[in-house]
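# Inside the fold
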Amino acid sequence: MKIALLGYGKMGQVIERIALERGHKIVLKKDEFNTYDGLETADVAIDFSVPTAAVSNISSCFHANVPVVSGTTGWLEHYDEMIDLCKKTNGGFISSSNFSLGVNLFFEFNEYLAKIMAPFDHYKVEMEEIHHDQKLDAPSGTAISLAKGVIANSNYSDWTLGNPKENEIHIEAIRTGTVPGTHTVTYNSEVDSIEIKHTAHNREGFALGAVIAAEWLAGKQGVFSMKDVLNLNSK
């Protein structure tokens, strides 16, 4: 399979190595210094760029009839616009705040826990996410996805980085060192706490999940999620 890499930073380089190990060919390594030449020859594209480049990268894929997997976060104010363009061009698209297989299973645990905890309103939800000090957005896209998972299955209505109101989930965003990503969801009461936690040890899991998603998406049209890739929609 021929893959275009849109964004060639640390993640892009790990994705390249894993893709090559799995027998794929890289036909484009797009960064800020080169063009989209070669994109049209790809079977699928993987976008791990920066928020300011994501919309251009994704729309270029749709116009070139290349399905695209995007793991870039911080651009979601344009998400509906990209979905509309995907449908208009009969494109293929997967956008996820995190492609790690473990994190996507963690999303499922989080939603299930939120459902069974919802009647017990003396427990208050808090979240913490820790990432390396070069991460541009806060909170992380993964933390936002976790918060949305709780909100969809409880009486909470929003999340905040500041002091939470009655129906808001507080997210503590910490930037330090070289931490790949740690996410913790805690239900606190006066007598005890219930906690679930995911800790990434390196970037490998994110990269492998993105390549697996690209393998799954190649040749498809429509808007999909990691639930589709992992066959979790019917679980």
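Report on the accompanying structure. For clarity, every value in this text was computed on a predicted model and none was experimentally measured. (Residues numbered from 1 in each chain as written. Predicted model: local features only at pLDDT ≥ 70, side-chain atom pairs only at ≥ 80, totals over all residues. Heavy atoms only, no water.)

Within the chain, the regular secondary structure consists of 7 helices and 11 strands. Relative to its length of 235 residues, the chain is compact, with a C-alpha radius of gyration of 18 Å against a globular reference of 18 Å. Along the three orthogonal principal directions, the C-alpha set of the chain runs to about 60 × 35 × 30 Å. The buried share of the chain, taken over its 235 residues, is 47%. Within the structure as shown, the chain displays about 11700 Å² of accessible surface, and the carbon and sulfur contribution to it stands at 50%. A distance of 6 Å separates the average location of the 20 positive side-chain charges in the chain from that of its 30 negative side-chain charges. (Helix = DSSP H or I, 4+ residues; strand = E, 2+ residues; numbered from the N terminus. Rg over C-alpha atoms; globule rule 2.2 N^0.38 Å. Buried < 20%, exposed > 50% of the residue type's maximum accessible area, 1.4 Å probe, protein only. Areas by Shrake-Rupley, 256 points an atom, 1.4 Å probe, with all protein chains shown as cover. Lys, Arg positive; Asp, Glu negative; His and termini not counted. Charge placed at Lys NZ, Arg CZ, Asp CG, Glu CD.)

Turning next to the nonpolar core. By size, the foremost hydrophobic cluster in this structure holds 24 residues, and its most contacted members are Ile-15, Ile-46 and Phe-99. If you list the elements that add at least two residues to this core, you get strand 1 (2–6), helix 1 (10–21), strand 3 (44–47), helix 6 (204–217) and helix 7 (226–229). At 7 residues, helix 6 tops the list of elements feeding residues into this core. Setting aside residues up to four positions removed in sequence, Ile-46 forms contacts with Ile-3, Ala-4, Leu-5, Leu-6, Ile-15, Val-69, Ala-210, Val-211 and Ala-214. (Core = buried A, V, L, I, M, F, W, Y, C linked by side-chain atoms within 4.5 Å. Contact = heavy atoms within 4.5 Å.)

With that settled, the discussion passes to the environment of Thr-186. Looking at the secondary structure, you find Thr-186 in strand 9 (residues 182–188). Between the C-alpha atom of Thr-186 and that of Met-127, which follows or precedes it by 59 residues, the distance is 6.2 Å. Apart from residues no more than four positions distant in its own chain, Thr-186 is found in contact with Lys-124, Val-125, Glu-126, Ser-193, Ile-194 and Glu-195.

Let us look at the pattern of salt bridges. Scanning the model with the defined rule gives 9 salt bridges in all. Measuring nitrogen to oxygen at the nearest pair gives 3.2 Å for the salt bridge that ties Glu-16 to Lys-29. One end of the pair, Glu-16, is in helix 1; the other, Lys-29, is in strand 2 (residues 25–30), and 13 residues separate them in sequence. With a relative accessible area of 12%, Glu-16 lands in the buried category. (Salt bridge = Lys/Arg side-chain N within 4 Å of Asp/Glu carboxyl O.)

Turning our attention to the environment of Gly-38. Mapping Gly-38 onto the fold places it in the loop between strand 2 and strand 3. Assessed through its relative accessible area of 15%, Gly-38 is described here as buried. For the pair Gly-38 and Tyr-187, spaced 149 residues apart in the sequence, the C-alpha separation amounts to 49 Å.

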